[in-house]
Amino acid sequence: LREAGIAAFGPTRAAAELEGSKEYMKDFMRKYGVPTAEYAVFTEAESAKEYVREKGAPIVVKSSGLAAGKGVTVAMTVEEAENAVDELMTKRIFGAAGDTIVIEEFLDGEECSFFALLDGSTVVPLASAQDHKAAYDGDTGPNTGGMGSYSPAPVCSEWMEQQILSRIVKPTAEGMVKEGRPFTGVLFVGVMVTKTGPICLEFNVRFGDPECQVICPRLKTDMLEVLHAASTGNLEGMKLEWSPEKALCVVMAANGYPKAYEKGSVIRGLDAAAATSEKVTVYHAGTEQKGSEIVAAGGRVLGICALGDTITEAQRRAYAAVDALDWPEGFCRRDIGYRAVAREGGDGKDGLRKMQIRKGSYL
């Protein structure tokens, strides 16, 4: 498209290796001094398991290739880590994505995501968000592509944002130019917030799902103008205007997700959900229309998003919309935003007082 003179938002294939290969990503971070967890790369299962036994648990096992956001296991025991290695490399549950794996040290802290626009040389910060990867309440159950999110993330203070920009985003932009792969588009930085500053967990080279759903509604600047500027190398001097409102998104998934799930169940109450508040938007992710009915056609099916003056208010509106749906074949987490709600002095939804929060869990 660019060779044809058409502005296109997003990185080239070469620059997209920052997400497409965790091996390349980790080696890049090491080369350019981006703070990241200690790691090793393996192409053979037995040597990977030997490394796990040497390092002990907790430890993190990742597929190097793309696995729909589900190729990461935070193993709390050596046995769990060895099983994760076998699933990726022997059973090949994600195919070629697991032929090479990365094993990392376990980091203790709280995760958040930070987003920035790049046009090759200029960096314009977007916003922070925090998603919830585990399938069930209390950050339990298998890893998913994301069961909900909110923005901004209170853990990402103004000081932390500046640290992320100076220690991670800007060195990455400069490094990609030196690599001959200048990065244009949106850079999604997965961060572990620690007492000594941010540590980079991963890069994605796109707006995340469900993070995009809580960042974009807060942006008051015209999105087309912003994306065009990034695509044409004109970000320098651009100032973005943000709504003071907070945003929260609850993902409705098909029963069984992230494992086997059924398609074709009828979803009712969509209009009723959207009508609960003018601050609510119902996004369709895995649906299709059959006649006059909307049916489920994927694992993560709907994103119920709401705005509010606080995360607590946005959470209340989002769950009121969820409760207006009539879809017994679907489920959601009832504690999206619990960390932010607790910081605001609340207790969230559905018995958060009883929730056991495991330190250092990957959201």
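Residues numbered from 1 in each chain as written. Predicted model: local features only at pLDDT ≥ 70, side-chain atom pairs only at ≥ 80, totals over all residues. Heavy atoms only, no water.

K.L.:
What is the right way to look at the packing of aromatic side chains in this model?
P.N.:
This model, assessed by the stated rule, comprises 7 aromatic pairs. With 6.4 Å between their ring centres and 20° between their planes, Phe9 and Phe207 make a pair best called stacked. Of the two residues, Phe9 is situated in the segment before helix 1 (17–20) and Phe207 in the loop between strand 11 (197–204) and helix 6 (212–215); the sequence distance between them amounts to 198 residues. Considering the side-chain rings of Tyr136 and Phe331, the 6.1 Å spacing of their centres and the 50° angle between planes classify their relative orientation as tilted. With Tyr136 in strand 7 (residues 134–136) and Phe331 in strand 17 (residues 330–331), this pair connects stretches of sequence that are 195 residues apart. Feature note: the residues Tyr24, Phe28 and Tyr32 constitute an aromatic cluster, connected by ring pairs. (Phe/Tyr/Trp six-rings, centres within 6.5 Å; stacked < 30°, edge-to-face > 60°. Helix = DSSP H or I, 4+ residues; strand = E, 2+ residues; numbered from the N terminus.)

K.L.:
Help me understand the confidence of the model for the protein chain, please; the structure alone is not making it clear to me.
P.N.:
Should the pLDDT be low somewhere, the predicted coordinates at that spot are not to be read in detail. Residues with a pLDDT of 70 or more make up 95% of the protein chain, whose mean pLDDT is 92. Contacts for the low-pLDDT stretch residues 349–363, under 50 throughout, to residues beyond four places or in other chains number 41 contacts. (pLDDT = per-residue confidence, 0-100. Contact = heavy atoms within 4.5 Å.)

K.L.:
Whenever I open this one, the nonpolar core confuses me. Can you help?
P.N.:
In globular proteins that are soluble, nonpolar side chains generally tend to be buried together. Formed by 31 residues in total, the largest nonpolar core has its most connected members in Leu18, Leu118, Val169, Phe183, Leu187, Val189 and Phe203. When residues of this core are traced back to their parent elements, those giving at least two are helix 2 (22–32), strand 5 (110–119), helix 5 (158–178), strand 10 (184–194) and strand 11. Sort the elements by how many residues they give to this core and helix 5 lands first, with 7 residues. Ignoring sequence-local partners within four residues, the contact set of Phe203 consists of Leu18, Glu19, Met25, Met29, Ile168, Thr172, Leu187, Phe188 and Val189. Val250, Ala318, Val322 and Leu325 belong to the second largest nonpolar core, which has 28 residues in total. (Core = buried A, V, L, I, M, F, W, Y, C linked by side-chain atoms within 4.5 Å. Buried < 20%, exposed > 50% of the residue type's maximum accessible area, 1.4 Å probe, protein only.)

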